Amino acid sequence: MESNDKLEQLLKHMYAEETLHDDEIDTSDIIDEEWTKFEATHFGGEKRKVKSDKFSFLKIAAMFIGVLMLGGIAFATIHIISSGSQKADEVQTVATENAQRATSDSQLAKQDSALYNPIVYESAELVTILDDIATFYEVEPVYRKEATKHIRLYFTWDKKRSIDEIIDTFNKFERINITRYNKILIVE
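Residues numbered from 1 in each chain as written. Predicted model: local features only at pLDDT ≥ 70, side-chain atom pairs only at ≥ 80, totals over all residues. Heavy atoms only, no water.

**Describing helix H4 (residues 126-137)**
Our working rule: Labels follow the DSSP assignment, with helices taken as runs of H or I lasting at least four residues and strands as runs of E lasting at least two, numbered in each case from the N terminus. In this analysis, the expected span of each helix is defined as 1.5 Å times one less than the number of residues it contains. Each residue gets one of three labels from its accessible area relative to the maximum for its type: buried under 20%, exposed over 50%, partly exposed in between, using a 1.4 Å probe on protein chains only. Taken from the helix axis, the directions to the C-beta atoms give the arc we talk about.
Its 12 residues give H4 an end-to-end C-alpha distance of 16 Å, which sits within 8% of 16 Å, the value for a rise of 1.5 Å per residue. The set of residues buried in H4 consists of Leu126, Val127, Ile129, Leu130, Ile133, Ala134 and Tyr137. Buried residues of H4, viewed axially, fall in a sector of 160°; they line one side. At the exit of H4 stands Glu138, carrying a positive phi of roughly 55°.

Quick look at the structure:
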């Protein structure tokens, strides 16, 4: 009897090898049946779900995060470039303003030096000299005697001096006496 069993096993084995090499036999049903049996014994009869849902969710999440990161990097790049160009514009503007201010200051210095150059009056009437001084210091001369206006002088006016110093200089002449009351010069 044992030989029958061995023969039967040998025949099954040979049949199985022929089946494996036979291209005409549809093995998909056999494989599905065997897989179902395997699942029943190893997984308690429940079919396992393929983790394709979780996998696709992770893919979508990764793509979303990637898009957000790229957007953030693009925004940061644009912000850095625009702020850099704004700073360059500010530096250029400040440099231009400084250059203009330096030019303006040098022009003012030239004007100031011309403005404060001493003026020499040679045989000029007192009225002419005092009118120029009064305009510069924003004062008003008032003459008590008409003859005082026509006194002729040789006078050097230094504009860097104060009005009081100039009045003191005029008062050193014998025929001139000037008194100041706020913005009025009284000439006697």
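**Quick word on the packing of aromatic side chains**
The cut-off we apply is this: Stacked, tilted and edge-to-face pairs are distinguished by plane angle, under 30 degrees for stacked and over 60 for edge-to-face with tilted covering the rest, among Phe, Tyr and Trp rings (Trp via its six-membered ring) whose centres lie within 6.5 Å.
All chains considered together, the criterion is met by 4 aromatic pairs. Relative to Tyr137, the ring of Phe136 lies with its centre 4.9 Å away and its plane at 90°, an arrangement referred to as edge-to-face. When its relative accessible area of 27% is taken as the criterion, Phe136 is described as partly exposed. Owing to a relative accessible area of 17%, Tyr137 belongs among the buried residues under this scheme. Residues Phe136 and Trp157 carry aromatic rings whose centres are separated by 5.4 Å and whose planes lie at 85° to one another, so their mutual orientation is edge-to-face. With Phe136 in helix H4 and Trp157 in strand S3 (residues 152-157), this residue pair connects regions lying 21 residues apart in the sequence. For Trp157, a relative accessible area of 2% translates into the label buried. Every member of this aromatic cluster is reached through a ring pair, and the members are Phe136, Tyr137 and Trp157.

**Considerations on the pairing of strand S4 (residues 178-181)**
Put simply, the test is: Two strands are counted as paired when DSSP detects at least two bridges linking them.
Both S4 and strand S5 (residues 184-187) contribute to a ladder of 4 bridges, which runs antiparallel. Of the residues in S5, the one forming a bridge with Arg180 is Leu185. Turn length for the S4-S5 hairpin, with the two strands adjacent in sequence and antiparallel, is 2 residues, and the turn residue Asn182 shows positive phi of about 55°.

**Notes on a nonpolar patch on the surface**
Convention followed: Surface patches are drawn from residues lacking salt bridges whose relative accessible area is over 30%; two like charges belong together within 9 Å, two nonpolar side chains (Val, Leu, Ile, Met, Phe, Trp, Tyr) within 5 Å. Every accessible area reported is derived by Shrake-Rupley at a probe size of 1.4 Å, with residue values counting cover from the shown protein chains alone. Salt bridge, as used here: a side-chain nitrogen of Lys or Arg that lies within 4 Å of a carboxyl oxygen of Asp or Glu.
A cluster of nonpolar side chains, Phe64, Ile65, Leu68, Met69 and Ile73, forms an exposed patch at the surface whose accessible area comes to about 540 Å². Structurally, Leu68 can be placed in helix H3 (residues 52-115).

**A look at the packing of H4 against helix H6 (residues 163-171)**
Short version of the rule: Orientation is described by axes fitted as lines to C-alpha atoms, over the contacting stretch for helices, and by angles from 0 to 180 degrees between their N-to-C directions. Throughout, the term roughly parallel applies to angles under 35 degrees, roughly antiparallel to angles over 145, roughly perpendicular to angles from 65 to 115, and oblique to all others. Here a crossing is called left-handed whenever its near helix is offset anticlockwise from the far helix by less than a right angle, and right-handed whenever the offset is clockwise. The contact criterion used is simple: two residues touch if any of their non-hydrogen atoms lie within 4.5 Å.
Running from N to C, H4 and H6 cross one another at 165°; their axes reach a closest spacing of 11 Å. When the interaxial angle is binned, H4 and H6 end up roughly antiparallel. Considering the relative orientation of H4 and H6, their crossing is left-handed. Where H4 approaches H6, its residues Leu126, Ile129, Leu130, Ile133 and Tyr137 are matched on the opposing element by Ile163, Ile166 and Phe170.

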